[in-house]
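Here's the letter readout for the chains.
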Protein chains: 2
Amino acid sequence: MEKEFKTAARLEAESMAIAKLPLSDLRLNTDARFPWLILVPRRPAVEEIIDLNAADRAVLFDEIVRASNSLKAISGCEKLNVAALGNMVRQLHVHVIARFTDDPAWPGPVWGVGEAVAYDPPVRDKLIARIREDLVS
Amino acid sequence: MEKEFKTAARLEAESMAIAKLPLSDLRLNTDARFPWLILVPRRPAVEEIIDLNAADRAVLFDEIVRASNSLKAISGCEKLNVAALGNMVRQLHVHVIARFTDDPAWPGPVWGVGEAVAYDPPVRDKLIARIREDLVS
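This structure is a prediction, so every number in the text was calculated from the model and none was measured. In this numbering scheme, every chain counts its residues from 1 along its sequence in written order. Labels are handed out in written order, letters beginning with A for the chains and numbers beginning with 1 for the ligands. Note on the predicted model: pLDDT of at least 70 is required for a residue's local features to be given, and 80 or more for side-chain atom pairs to be given and counted; whole-chain, interface and lining totals, by contrast, use all residues. With hydrogens and water set aside, each side-chain value is computed from the structure's full complement of heavy atoms.

**Notes on the overall build of chain A**
Now for step 1: We count a stretch as a helix when DSSP gives it H or I for four or more residues in a row; a strand needs E for two or more, and each element gets its number in order from the N terminus. If you tally the helices and strands in chain A, you get three helices and five strands.
Now for step 2: When its helices and strands are written in sequence order, chain A yields α-β-β-β-α-β-β-α.
Now for step 3: Computation of the radius of gyration draws on C-alpha atoms, with the globule rule given as 2.2 Å multiplied by the number of residues to the power 0.38. For 137 residues, the compact-globule estimate of 2.2 N^0.38 gives 14 Å, and the C-alpha radius of gyration of chain A, at 14 Å, lies within 12% of that figure.
Now for step 4: Relative accessibility thresholds used throughout: buried, under 20% of the residue-type maximum; exposed, over 50%; partly exposed, between the two (1.4 Å probe, protein chains only). Looking at the 137 residues of chain A, the share that counts as buried comes to 55%.
Now for step 5: Note on contacts: a residue pair is in contact if any heavy atoms of the two residues lie within 4.5 Å. Taking the intrachain contacts of chain A between residues at least 6 apart in sequence as the baseline, contacts between residues at least 24 apart amount to 57%.
Now for step 6: Each accessible area is a Shrake-Rupley estimate made with a 1.4 Å probe; only the visible protein chains count as cover when residues are assessed. Summed over its atoms, the accessible surface of chain A is roughly 6,400 Å², and 52% of this surface lies on carbon and sulfur atoms.
Now for step 7: Both charge centroids of chain A, one from 18 positive and one from 20 negative side chains, sit 1 Å from each other. Asp and Glu count as negative and Lys and Arg as positive, but His and the ends of the chain are not part of the count. Charge placement uses NZ in Lys and CZ in Arg. For Asp and Glu, CG and CD serve respectively.

This is the structure:
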């Protein structure tokens, strides 16, 4: 590979590492308003799902399903939002977000809505631990 | 299957049929501001990607990749947005949207932004024909 993988600065700033899955770094967005996972495939210079080769794409899709199942079970959410947008941060990353009908963005999308709210650190660490335990075993 | 597949009324109202892919109906959102495909798996009572069985999921992921490649090639877009949200219309559907840095929602998401603009019918029909030709062959 020509370039080394490095997580985009904005993703680093807005999320915390949970686990390394086979292809992707799994991260928790630190906005406490929405239980929100982010998958970042460790492939440099890739912006679109279709830029991945077929083998990597299959792994990413599997990781999306695993992250979705885990987040739904742990959060008890009403709906999942799964999205690869990348308008702001071009590095390929996939959002898996737990939505509730009483969350502050419902029924709209979460991006760009209001101000992020910090987690209470013990709540955040417990959530990270539960997801890690569920996904890395 | 217990229930018969039927496209949600709001999807019917806001998009037009392009083609039947192996799993999904491929539709064009009729908002001319954004070249915007929608995949609707023909499975009744399914709301989440993780509600599909593994075989259907694999077909859906393949159809997302095919729709993405086709839309990017035909639109010449700067970025793709791929998303399964379903907060408004619960029936599982996947958005594949061509984004441009000068489009009216950039760099935010497109959902809920401003008012839809109708296509000039010949432009719309030509776009549908090009996508159909590219994907169904």
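**Points about the pairing of strand E2 (residues 24-29) of chain B**
All names here are of chain B.
Now for step 1: In terms of residue burial, E2 counts as a mostly covered element, since six of its six residues are buried.
Now for step 2: Neither face of E2 is open: one carries Ser24, Leu26 and Leu28, the other Asp25, Arg27 and Asn29, and all of them are buried.
Now for step 3: Sheet topology note: the strand E1 (residues 15-20)/E2 ladder contains five bridges and is antiparallel. Bridging across to E2, Ala17 finds its partner in Arg27.
Now for step 4: The hairpin turn running from E1 into E2, its antiparallel successor, is three residues long.
Now for step 5: By the bridge criterion, five bridges tie E2 to strand E3 (residues 36-41) in an arrangement that is antiparallel. Residue pairing in the sheet places Leu28 in a bridge with Leu37 of E3.
Now for step 6: Counted between consecutive antiparallel strands, the loop separating E2 from E3 contains six residues. Here, any two strands with at least 2 DSSP bridges between them count as paired.

**Some words on the pattern of salt bridges**
Residues and elements named next belong to chain B.
Now for step 1: By convention in these notes, a salt bridge is any Lys or Arg side-chain nitrogen within 4 Å of a carboxyl oxygen on Asp or Glu. Evaluation of the coordinates by the stated rule reveals 22 salt bridges over all chains.
Now for step 2: Of the charged contacts, one joins Glu12 and Arg27 as a salt bridge, the two residues approaching to 3.5 Å between their closest N and O atoms. In this pair, Glu12 sits in helix H1 (residues 9-14) while Arg27 sits in strand E2, placing the two residues 15 residues apart along the sequence.
Now for step 3: What makes Glu12 partly exposed here is its relative accessible area of 43%.
Now for step 4: Arg43 is the partner of Asp56 in a salt bridge, and the nearest nitrogen-oxygen pair spans 2.6 Å. One end of the pair, Asp56, is in helix H2 (residues 54-75); the other, Arg43, is in the loop between E3 and H2, with 13 residues separating them in the sequence.
Now for step 5: Judged by its relative accessible area of 25%, Arg43 falls in the partly exposed class.

**Details of the relation of the copies chain A and chain B**
Now for step 1: Least-squares superposition aligns the copies on the C-alpha atoms of those residues with pLDDT at or above 70 in both. Of the transformation placing chain A onto chain B, the axial shift is 0.0 Å and the rotation is 180°, giving an RMSD of 0.0 Å. The transformation relating the two chain copies, once decomposed into turn and shift, fits a two-fold axis. Using C-alpha coordinates, one finds that chain A approaches the rotation axis most closely at A:Ala83, a distance of 2.0 Å.

**Points about the interface of chain A and chain B**
Reports of interface size often rely on the accessible area that becomes lost once the parts have come together.
Now for step 1: Across the contact, 28 residues belong to chain A and 28 residues belong to chain B.
Now for step 2: Once two parts are put together, the accessible area they lose, assessed with a 1.4 Å probe and summed over both, is termed the buried area. For the chain A and chain B pair, buried surface summed over both sides reaches about 2,700 Å², with 59% attributable to carbon and sulfur atoms.
Now for step 3: One can count four salt bridges joining chain A with chain B.
Now for step 4: A salt bridge links B:Glu78 to A:Arg90, with the shortest nitrogen-to-oxygen separation between them at 3.3 Å.
Now for step 5: In protein, a polar contact means a hydrogen-donor-capable atom and an acceptor-capable atom, both N or O and within 3.5 Å, with residues adjacent in sequence counting only if both atoms are side-chain atoms; elsewhere, any N or O pair within 3.5 Å suffices. Applying the counting rule to chain A against chain B returns 20 residue pairs in polar contact (both at pLDDT 80 or more).
Now for step 6: Elements represented by at least two residues in the side of chain A that touches chain B include exactly helix H2 (54-75) and strand E4 (79-84) of chain A.
Now for step 7: Relative to strand E4 (residues 79-84) of chain B, E4(A) is paired through three bridges, and the arrangement is antiparallel. When the sheet's bridge partners are listed, A:Val82 is paired in E4(B) with B:Ala84.

Bear in mind that shape data such as this cannot, by itself, settle questions of function.
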